[in-house]
Amino acid sequence: MTLLVGLPVVLPLVLGALSLAIWRFPVAQRVVALVGTAVLLLLGIALLWAVIEHGPMATALGEWRAPFGIVLVADLLSAIMVLMAGIMGFVVALYSLGTVSRGHESFGYFPLLHLLLAGVCGSFLTGDIFNLYVWFEVMLLSSFALLVLGGERAQMEGAIKYVTINLFSSAMLLTAVGLTYGLVGTLNMADIAVKFDGAEDGGRVTVIAMLFMVAFGIKAAAFPLFFWLPASYHTPPVAVSALFAALLTKVGVYAMFRMFTLVFDADTAYTHNILLWIAGFTMVTGVLGAAAQFEFRRILSFHIVSQIGYMLMGLALFTPLALAGGLYAIFHNIIVKTNLFLVSGVAYRLQGTYQLKQLGGLYRSHPGLGVLFLLSALSMAGIPPLSGFFAKFILVRAGLEIEAWVIVAVALAVGIGTLFSMIKIWAEVFWKARPEEATTGAPVMDVASPGLHWLYVPIVLLAGLTVLIGVAGQPIFEVSMQAAEQLLDNSAYIEAVLGSEEGS
Amino acid sequence: MEPVLALVVGGLYAAAIYMILRRSIVKLVIGLLLLSNAANLLIFTVSGLTREAPPLISAGLDAPLAPTADPLPQALILTAIVISFGVLAFAVVLINRAWHVVQAEDMDQMTGTDT
């Protein structure tokens, strides 16, 4: 049973090593990637099932007991995030078959993909803050290498900004971890939570909380430190963009949800008020930035930023309903945002550019793609009955309940801004006729597999998921609500980690 | 000893941030290097310095007799050093490639992805 908690971390590591061993056989690498990520997806489902059945589970690595050794913990939030990572890994692996060129494959695309997933799953499952730092670095180093795969000028320029700001945030995180250890002499999150609750010196705890907030805020691309994201996410191959959009910022958001519910829940009047300001500004700047852009993937990148604001709003309001809304927004956004990136990749395949001015007429030539885009785009803007509507509905309802009028007004206004950007893409890429001068541009076809249908399969899968979690919103909401209650009442988490001390 | 180390840590952070804010990408990497060293030294200092008491247990005993130095921060620092070594190696290769591709080492020349 507890083996299940460790497997989602071990499996991608093993797959990464295996992919390196079969470096010279691209076909075998593709098979390993597809089968491996599918197994990861199944593991995610099994883990979620087990956590729903048994409550939070913990396993001590190497049988070193809880506050001393490193533990992996799966509560409801972790389990869902691992499942999300599994879904996204599988979808992106499938999509990579049709979009990643032979050159990129021969420079280790698939091994890096697996190692990235290992870092992501490790961050979701670990119960130790130094271990969290290590998994962040595993994830970052893989993402650095994926980002510069191909080595074009734009990638280099984007990568320098991405690498610098992320290394800076890692140093902040390490600083915060060091100060925490200096204050309470433990690194286990549950143990820190217990010791901070009894800490007399609240001021120093708040200082550490703010350091963590800066470090995770950079990783999550929250205002004011998000500029690395729109500078870099539109430069790598589109499958990589989609994977980054799906998982990397969400790991930062996950870490915030974990730390600011489990550990730093004492001085909420101060920390969560700051978080609320951050959330509001993140939403507004993201959506305004997107309005000024005319490059498909850059618009989507700015919208990642604005959607992060909604998730943080859920955390900042800090009621069970708001947290559930924030979690719902995370799940919904991972699926929808990835799908929009995948659609942009198909548009690029068909017309050879990401510039809205030079794209056009796709609805006439590919109506199916238009419908798939519209499903995801309207979902992100929050049109019922798609998933985004329920995410916003829960958040707004939670805001109204505690009379946080300003943030609710901001959230609703930003929803309109999102709709504006999505309609802009729709009008430019799908609706208007293709501009005359652009028709000479040859479609880009130098990819490993020529079949376009490989690109449609993952898009249809994700669009179906969007509709599903919109139409069948009730069970997803109930799970989010349970996860939120687990986060707020952290005794089950602490008992799963520290309680095993007496048991073993 | 702690006040001296605290000043050194502060100086390292200040120097690192100053270097990161320079426009040259070489100085940028030097700044990142200093930053990771500052964080490591901070962990070392903040978890308390105990002189001349290695965490060794004499033969035939289960626990050390007197209080000893905490070995865990050093394990953390060792891990952090290895990680920052790997990451900085990547950063050095990256600025080398960037210099070849962009033909400049000034961050102000690398604005192609900003608009």
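What counts and what doesn't
- Residues numbered from 1 in each chain as written.
- Chains lettered and ligands numbered in written order.
- Predicted model: local features only at pLDDT ≥ 70, side-chain atom pairs only at ≥ 80, totals over all residues.
- Heavy atoms only, no water.
- Helix = DSSP H or I, 4+ residues; strand = E, 2+ residues; numbered from the N terminus.
- Rg over C-alpha atoms; globule rule 2.2 N^0.38 Å.
- Contact = heavy atoms within 4.5 Å.
- Areas by Shrake-Rupley, 256 points an atom, 1.4 Å probe, with all protein chains shown as cover.
- Buried < 20%, exposed > 50% of the residue type's maximum accessible area, 1.4 Å probe, protein only.
- Lys, Arg positive; Asp, Glu negative; His and termini not counted.
- Charge placed at Lys NZ, Arg CZ, Asp CG, Glu CD.
- Salt bridge = Lys/Arg side-chain N within 4 Å of Asp/Glu carboxyl O.
- Core = buried A, V, L, I, M, F, W, Y, C linked by side-chain atoms within 4.5 Å.
- pLDDT = per-residue confidence, 0-100.
- Buried area = accessible area lost by both parts, 1.4 Å probe.
- Polar contact = N/O pair within 3.5 Å; in protein donor to acceptor, adjacent residues only side chain to side chain.
- Nonpolar A, V, L, I, M, F, W, Y, C, P; charged D, E, K, R; others polar.
- Phe/Tyr/Trp six-rings, centres within 6.5 Å; stacked < 30°, edge-to-face > 60°.
- Lys NZ or Arg CZ within 6 Å of the ring centre and 35° of its normal.
- Expected span 1.5 Å × (residues − 1).
- Axes fitted to C-alpha atoms, helices over the stretch in contact; angles between N-to-C directions.
- Parallel < 35°, antiparallel > 145°, perpendicular 65-115°, else oblique.

Q: Would you explain the overall build of chain A in this entry?
A: Across its full length, chain A carries 22 helices and 2 strands. Taking 504 residues into account, the globule formula puts the C-alpha radius of gyration at 23 Å, and chain A, at 22 Å, falls close to it. For chain A, the spread of C-alpha atoms along the three principal axes comes to 70 × 55 × 40 Å. For chain A, restricting intrachain contacts to residue pairs at least 6 apart in sequence, the fraction spanning at least 24 positions comes to 82%. Within the structure as shown, chain A displays about 16900 Å² of accessible surface, and the carbon and sulfur contribution to it stands at 70%.

Q: Can you help me understand the overall build of chain B in this one?
A: What chain B contains, in helices and strands, is 3 helices and 0 strands. Secondary structure of chain B in N-to-C order comes out as α-α-α. At 20 Å, chain B has a C-alpha radius of gyration far larger than the 13 Å of a compact globule built from 115 residues. Projected onto its principal axes, the C-alpha positions of chain B cover 65 × 30 × 20 Å. Taken over 115 residues, chain B has a buried fraction of 37%. Of the contacts formed within chain B by residues at least 6 apart in sequence, a portion of 60% connects residues at least 24 apart. When the accessible surface of chain B is totalled, it reaches about 6700 Å², and 67% of it is carbon and sulfur. Between the mean site of the 5 positive side-chain charges and the mean site of the 8 negative ones, chain B shows a separation of 14 Å.

Q: In this structure, what is going on with the pattern of salt bridges? I would like to understand it.
A: Where charged atoms from two side chains of opposite charge come close, those side chains can pair. All names here are of chain A. Applying the stated rule across the entire model yields 8 salt bridges over all chains. The shortest N-O distance in the salt bridge between Arg153 and Glu157 comes to 2.8 Å. One end of the pair, Arg153, and the other, Glu157, are both in helix α7 (residues 153–184), 4 residues apart, so they sit about a helical turn from each other. The exposure class assigned to Glu157 is buried, which follows from its relative accessible area of 1%. Of the charged contacts, one joins Glu428 and Lys432 as a salt bridge, the two residues approaching to 2.8 Å between their closest N and O atoms. In this structure Glu428 comes out as buried when scored by relative accessible area, which is 18%.

Q: Explain the environment of Val120 of chain A to me, please; I cannot follow it from the model alone.
A: All names here are of chain A. Checked against the element boundaries, Val120 lands in helix α5 (residues 109–125). Here Val120 falls in the buried class, since its relative accessible area comes to 0%. It is 25 Å that separates the C-alpha atoms of Val120 and Ile299, two residues lying 179 residues apart in sequence. Once residues lying within four places of it in the same chain are set aside, the contact partners of Val120 are Ala85, Met139, Leu247 and Val251.

Q: Any chance you could explain the nonpolar core here in plain terms?
A: As a rule of thumb, nonpolar side chains are buried together in soluble globular proteins. Core analysis: the largest hydrophobic core is formed by 226 residues, its most contacted members being Leu47, Tyr109, Phe212, Phe264 and Phe296 of chain A. With 20 residues, helix α11 (residues 238–263) of chain A is the largest single contributor of residues to this core.

Q: What is the right way to look at the confidence of the model for chain B in this model?
A: Parts of the prediction with low pLDDT should not have their coordinates interpreted in detail. Across chain B, the average pLDDT comes to 89, with 98% of residues at or above 70. Model confidence for chain B, summarised as mean pLDDT per element, is weakest for helix α3 (residues 72–102) of chain B at 92 and strongest for helix α1 (residues 2–21) of chain B at 95.

Q: Can you walk me through unusual backbone geometry in this structure?
A: In the segment running from Phe223 of chain A into Pro224 of chain A, the intervening peptide bond is cis, with an omega of -5°. Tracing the backbone through its elements, the reader meets Pro224 of chain A in the loop between α9 (202–219) and α10 (228–232). Of note, the amide linkage connecting Pro384 of chain A to Pro385 of chain A takes the cis form, showing an omega dihedral of 5°. Checked against the element boundaries, Pro385 of chain A lands in the loop between α16 (367–381) and α17 (387–401). With a phi angle near 55°, Glu52 of chain B is a residue other than glycine that sits in the positive phi range. Looking at the element boundaries, Glu52 of chain B is found in the loop between α2 (25–46) and α3.

Q: Any chance you could explain the environment of Leu375 of chain A here in plain terms?
A: Residue and element names in this part refer to chain A. With respect to the secondary-structure elements, Leu375 resides in helix α16. Each C-alpha atom of the pair Leu375 and Leu4 lies 35 Å from the other, and the pair is 371 residues apart in sequence. Setting aside residues up to four positions removed in sequence, Leu375 forms contacts with Leu386, Ala463 and Val467.

Q: I would appreciate a short explanation of the interface of chain B and chain A in the present structure.
A: Reports often express the size of an interface as the amount of accessible area lost when the parts come together. Across the boundary between the two partners, chain B contributes 37 residues, which contact 36 residues of chain A. Here chain B meets chain A over a buried area of about 3000 Å², counting both sides, of which 79% is carbon and sulfur. It is Phe90, Leu94 and Thr113 of chain B in chain B that bury the most area against chain A; as a group they hold 20% of the surface buried on that side. For the interface between chain B and chain A, the tally reads 0 salt bridges. The interface formed by chain B and chain A holds 4 residue pairs in polar contact (both at pLDDT 80 or more) in total. Taken together, the elements giving at least two residues each to the side of chain B that touches chain A come down to α1, α2 and α3 of chain B. Top element by residues in the side of chain B that touches chain A is α3 of chain B. It accounts for 15 residues. Split into classes, the residues belonging to the side of chain B that touches chain A amount to 26 nonpolar, 8 polar and 3 charged.

Q: Teacher, can you tell me more about the packing of aromatic side chains here?
A: For any pair of aromatic rings, geometry is given as the distance between the ring centres together with the angle between the planes. Residue and element names in this part refer to chain A. Evaluated as defined, the whole model comprises 27 aromatic pairs over all chains. Between Tyr162 and Trp228, the ring centres sit 5.4 Å apart and the planes meet at 65°, which makes this aromatic pair edge-to-face. Of the two residues, Tyr162 sits in helix α7 while Trp228 sits in helix α10, which places them 66 residues apart along the sequence. Take Trp228: its relative accessible area is 5%, and that puts it in the buried class. Ring centres 5.7 Å apart and planes at 25° place the aromatic pair Phe212 and Phe216 in the stacked group. Residue Phe212 and its partner Phe216 are both found in helix α9; the two are separated by 4 residues, about one turn of the helix. Residue classification places Phe212 among the buried positions, given a relative accessible area of 1%. Assessed through its relative accessible area of 0%, Phe216 is described here as buried. Of the aromatic side chains, those joined through ring pairs into one cluster are Phe136, Phe196, Phe212, Phe216, Phe260 and Phe264. Geometry around Phe294 places Lys424 over its ring, the cationic atom sitting 4.6 Å from the centre.

Q: Hey, could you run me through the side chain of Thr206 of chain A in this one?
A: By the element assignment, Thr206 of chain A lies in helix α9. Residue classification places Thr206 of chain A among the buried residues on the basis of a relative accessible area of 12%.

Q: Hey, could you run me through α3 of chain B in this one?
A: Each full turn of the α-helix corresponds to 3.6 residues, which orients residues three or four apart in the same direction. Taking 1.5 Å per residue as the helical rise, α3 of chain B with its 31 residues ought to reach 45 Å, and the 44 Å between its terminal C-alpha atoms agrees with that figure. One or two steps after α3 of chain B, the chain reaches Gln103 of chain B, where phi turns positive at roughly 60°.

Q: Honestly, the packing of helix α6 (residues 129–147) of chain A against α7 of chain A in this entry has me stumped. Any pointers?
A: In a packed pair of helices, the relevant descriptors are the angle between the two axes and the axis-to-axis distance. All names here are of chain A. Here α6 crosses α7 at 175°, and the two axes come no closer than 11 Å. It follows from the interaxial angle that α6 and α7 lie roughly antiparallel. On the side of α6, the interface is formed by Ile129, Phe130, Tyr133, Phe136, Glu137, Leu140, Ser143, Phe144 and Leu147, while α7 contributes Gln155, Ala159, Tyr162, Val163, Asn166, Leu167, Ser170, Leu173, Leu174, Val177 and Thr180. Tallied by class, residues from the contact of α6 with α7 come to 14 nonpolar, 5 polar and 1 charged.

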